[in-house]
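Tertiary structure, described
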Amino acid sequence: MNRSKFALVPLRAADNLLLVDADPVELVRSGYNAISGAYRSDDDPAHEYDPWLAGLLERIPGRGQVLDIGCGCGVPVARRLAAAGHQVTGVDISDIQIERARRLVPGAVFLCADATETDFPPGSFDAVVCLYALIHMPLDRQPRLLRDITRWLRPGGWLLAVTGQDAWTGTEDNWLGGTASMWWSQADAATYRTWLTQAGMVVTSQQFVPEGDGGHALFWARLKPAGSPQAGTADGSSARASGAQANPQSTSAACRSQEPR
Ligand SMILES: C[S@@+](CC[C@H](N)C(=O)[O-])C[C@H]1O[C@@H](n2cnc3c(N)ncnc32)[C@H](O)[C@@H]1O
């Protein structure tokens, strides 16, 4: 076990403060299970996403195939894209988020899975959306997921991603005023830009999205259209099961009880 991938999380037992190893991925899953409704209500208009979704709708063809990684409860991204006629596949590690997404956006398909352990056939999607989700995944898995995304995109396909702006890894207890802890692990924006380029995508836009005292980076990146030099240069070496369908069965026991209906 690589202990560097594990955060020390304080847990109270009786009056003693104990420090125990916690799997950060499990912390994220259970944290979003606990905080799902507080993070986003069923009818959250999330107007801050409006320009991003408008930009996406301009870029992708009618009835496109869109993958939403870390889709949360499906609101607003999957709901808005499905309403516009797109075929949306959402992936999220939290079974509560997925349960809500299936209820809130019945026209989309949702998989309860760790995105870093999921696979799709090459060229499956016209666009991949990944908003505020990469930053909850172990840093050493993020470049590989970006290479996988490149492989899952069709030539000319788009990635819309919100990543870290500044590098930081850490845990916050009582997140959003609840009892759950949450874990983040993010690189800085320049590193994400490098990873996107190394994965074989062309970054067409990078913006700073302010939040409180800090903020995030928003990237639009594109796989070059067929026929362009360097189209599809991602080597696909990260493929874990090339050509395989998404395999939610490879995920946690909690997710296995939430297979797509
Ligand atoms: C901050 S929320 C964002 C939700 C949604 N994208 C939005 O912008 O409203 C992050 C989401 O990513 C999910 N997530 C975190 N790590 C994940 C992983 N390894 N695989 C799939 N989903 C993950 C969490 O469960 C959570 O629902």
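The structure this text deals with has already been given above.
For the structure given in this document, a descriptive report is provided here. (Residues numbered from 1 in each chain as written. Predicted model: local features only at pLDDT ≥ 70, side-chain atom pairs only at ≥ 80, totals over all residues.)

A closer look at the overall build of the chain
Check the secondary structure of the chain and you find seven helices and eleven strands. Residue pairs in contact within the chain that sit at least 24 positions apart in sequence constitute 67% of those at least 6 positions apart. (Helix = DSSP H or I, 4+ residues; strand = E, 2+ residues; numbered from the N terminus. Contact = placed C-beta atoms within 7 Å.)

Some points on unusual backbone geometry
Val75 connects to Pro76 through a cis peptide bond whose omega is 5°. Secondary-structure assignment places Pro76 in the loop between strand S3 (65–69) and helix H3 (77–83). Look at Tyr132: it is not a glycine, yet its phi comes out positive at around 60°. Counting through the fold element by element, Tyr132 comes out in the loop between strand S6 (125–131) and helix H5 (142–152). For Tyr132, a count of 16 C-beta atoms within 10 Å puts it in the partly exposed group. Phi at Leu176 takes a positive value of approximately 55°, unusual for a residue other than glycine. Along the chain, the position of Leu176 falls in the loop between strand S8 (168–172) and strand S9 (182–186). Residue class for Leu176 comes out exposed when judged on the 12 C-beta atoms lying within 10 Å of it. (Buried ≥ 20, exposed ≤ 12 C-beta atoms within 10 Å, placed from the backbone.)

Points about the site of the ligand
Near the ligand there are 19 residues, and of these Gly70, Gly72, Ala115, Leu131 and Ala133 occur at the shortest range. Every element with two or more residues in the shell around the ligand is listed here: helix H1 (24–39) and strand S4 (87–92). When the residues that make up the shell around the ligand are grouped by side-chain class, the tally is ten nonpolar, six polar and three charged. (Near = placed C-beta within 6 Å. Nonpolar A, V, L, I, M, F, W, Y, C, P; charged D, E, K, R; others polar.)

Some details on helix H6 (residues 189–199)
Buried within H6 are the following residues: Ala189, Tyr192, Leu196 and Ala199. Axial view of H6: buried residues confined to an arc of 85°, hence all on one face. Buried-residue contacts for H6 involve H5, strand S7 (153–164), strand S10 (202–211) and strand S11 (214–222). A positive phi of about 110° marks Gly200, the residue just after H6. (Arc of directions from axis to C-beta.)

Considering the pairing of S6
Summarising burial for S6: seven of the seven residues are buried, a large majority. As paired elements, S3 and S6 share three bridges and run parallel to each other. Bridged to Val66 within S6 is Ala127. Pairing of S6 with S7, which is carried by six bridges, proceeds in the parallel orientation. Following the sheet pairing, Cys130 is matched in S7 by Ala161. (Pairing = 2+ DSSP bridges.)

Comments concerning the sheet that holds strand S5 (residues 109–112)
Overall, mixed pairing links the seven strands, which are arranged S5-S4-S3-S6-S7-S11-S10 in an open sheet. In this open sheet, the two edge strands, each paired with only one partner strand, are S5 and S10. Each strand of the sheet is rotated relative to its neighbour by a mean of 15°, with strand direction disregarded. Lying over the sheet, H5 contacts S3, S6 and S7, oriented at roughly 150° with respect to S7. (Axes fitted to C-alpha atoms, helices over the stretch in contact; angles between N-to-C directions.)

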